[in-house]
Amino acid sequence: MNRILSGIQPTGNLHLGNYLGAIHNWVALQKSYEAFFCIVDLHALTTHPSPEEIRAWTRETAANYIAAGIDPSHSHIFVQSMVPAHTELSWIFSCFAPLGWLNRMTQFKEKAGKHRDQANLGLYAYPVLMAADILVYKATHVPVGEDQKQHLELTRDIAGAFNHRYKRDFFKLPEPLILGPATRVMSLKEGTVKMSKSDPSDYSRIHLMDDADTIALKIRKAKTDPELLAGTPEAMKNRPEALNLLNIYGALSNTSLEKACPHFEGKSFSVLKAELTDLLVATLIPLQERKKDLMKDPLYLDTILKKGAEKANTLAQHTLSEVKDMIGLLKN
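Residues numbered from 1 in each chain as written. Predicted model: local features only at pLDDT ≥ 70, side-chain atom pairs only at ≥ 80, totals over all residues. Heavy atoms only, no water.

Chemist: So what exactly am I meant to see when it comes to the nonpolar core here?
Modeler: Side chains of a nonpolar character, in soluble globular proteins, are inclined to be buried together. Core analysis: the biggest nonpolar cluster contains 57 residues, and Tyr 19, Ile 23 and Tyr 65 have the highest contact counts within it. Of the residues forming this core, the biggest block, 8 residues, is contributed by helix H10 (residues 240-253). Residue contacts for Ile 23: discarding those within four places in its chain leaves Ile 8, Leu 14, Asn 18, Tyr 65, Ala 68 and Ile 70. If you look at the next biggest cluster of nonpolar residues, it comprises 43 residues, including Val 40, Val 83, Leu 102 and Ile 158. (Core = buried A, V, L, I, M, F, W, Y, C linked by side-chain atoms within 4.5 Å. Buried < 20%, exposed > 50% of the residue type's maximum accessible area, 1.4 Å probe, protein only. Helix = DSSP H or I, 4+ residues; strand = E, 2+ residues; numbered from the N terminus. Contact = heavy atoms within 4.5 Å.)

Chemist: Whenever I open this one, the pairing of strand S3 (residues 76-79) confuses me. Can you help?
Modeler: Along a regular strand, successive side chains alternate from one face of the sheet to the other. Here S3 shows two buried faces, one formed by His 76 and Phe 78 and the other by Ile 77 and Val 79. The sheet contact formed by strand S2 (residues 34-39) and S3 spans 4 bridges and is parallel. Note on S3: the bridge partner recorded for Cys 38 is Phe 78. (Pairing = 2+ DSSP bridges.)

Chemist: Looking at this structure, how should I read the pattern of salt bridges?
Modeler: Opposite charge on two side chains permits pairing when their charged atoms draw close. Counted according to the given criterion, the structure contains 17 salt bridges. The salt bridge partner of Lys 172 is Asp 169, with a shortest N-O separation of 3.0 Å. Here Asp 202 ties to Lys 218 by a salt bridge, and the two come within 3.1 Å at their closest N and O atoms. Here the residue Asp 202 occupies a position in the loop between strand S5 (175-177) and helix H9 (212-221), and Lys 218 occupies one in helix H9, the gap between them amounting to 16 residues. The network of salt bridges with shared partners includes Asp 202, Arg 205, Asp 210 and Lys 218. (Salt bridge = Lys/Arg side-chain N within 4 Å of Asp/Glu carboxyl O.)

Chemist: What is the right way to read helix H11 (residues 257-264) from this model?
Modeler: Buried within H11 we find Leu 257, Ala 260, Cys 261 and Phe 264. Seen end-on, H11 carries its buried residues on one side only, within an arc spanning 100°. In H11, the exposed positions angled more than 90 degrees off the buried face are occupied by Glu 258 and Lys 259. On the buried face of H11, the contacting elements are H10 and helix H12 (269-295). Once H11 ends, the next one or two residues include Gly 266, with phi positive near 75°. (Arc of directions from axis to C-beta.)

Written out as structure tokens, the structure is:
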């Protein structure tokens, strides 16, 4: 069976972009792949969370995975830092990744902004650790959002450079899986900017734990334009806020954008917002209830994460051992 690997940082209350861009798709994929879903706490260290925050957020993220439909009896849910092979392979890969490759990573430029000299090395080397996350399990496919495609290309480049150096087809080049109409959920306040926890306006995003009234208020306040909704995606291409709301509607209702547009053709945004609010409430409120029940049993969550880490360690250590043999490192 083909294998997938993906993960989310434990950085507090997850939002709709995390859900639709990742977890929602994982639920369907786990039926067709051997699935490893990681909580990437090492990546989260680039944002300097407190020890108390990262511990709490890690369990909360695990609860979100399970509440959304990830089945721990079928998929492997684990914490990145519980598998030491991630960091060890990351260092080995860093010796195969030219600075020129990393300098092209647009996400680092966006996150570092005008203060690149003050950005930490972890943020700069983030894509190399991501490559190790994927390749240590020899994942064949990686579900990613549009903003992560460049990082996956770097992963493929690193795998290719390693294979070329040791003249073996050791690492398969993982293929991206970009699924659903909401591969990149945008801000409710600005349709050209990705939905993000770091946006100063709480009205820019829907948190997975927002109650029904808050969801309704945020959707009602979401930015729109003065025109009625058009019947085709082509006619909507220069209307980013409208497209964002339609993409969210499509993802929640399992409807393509091509079918969603005719449904709302000639209607006002108030009609779309009302239907979208109903969909969000119907999706998120049951998820919230399941998550609350899970959070009452931290021992259960820790047991799931321990079991997932045991499986992940077995596979990752095997890959790392093979890599060490190939490159000439002595082993215990």
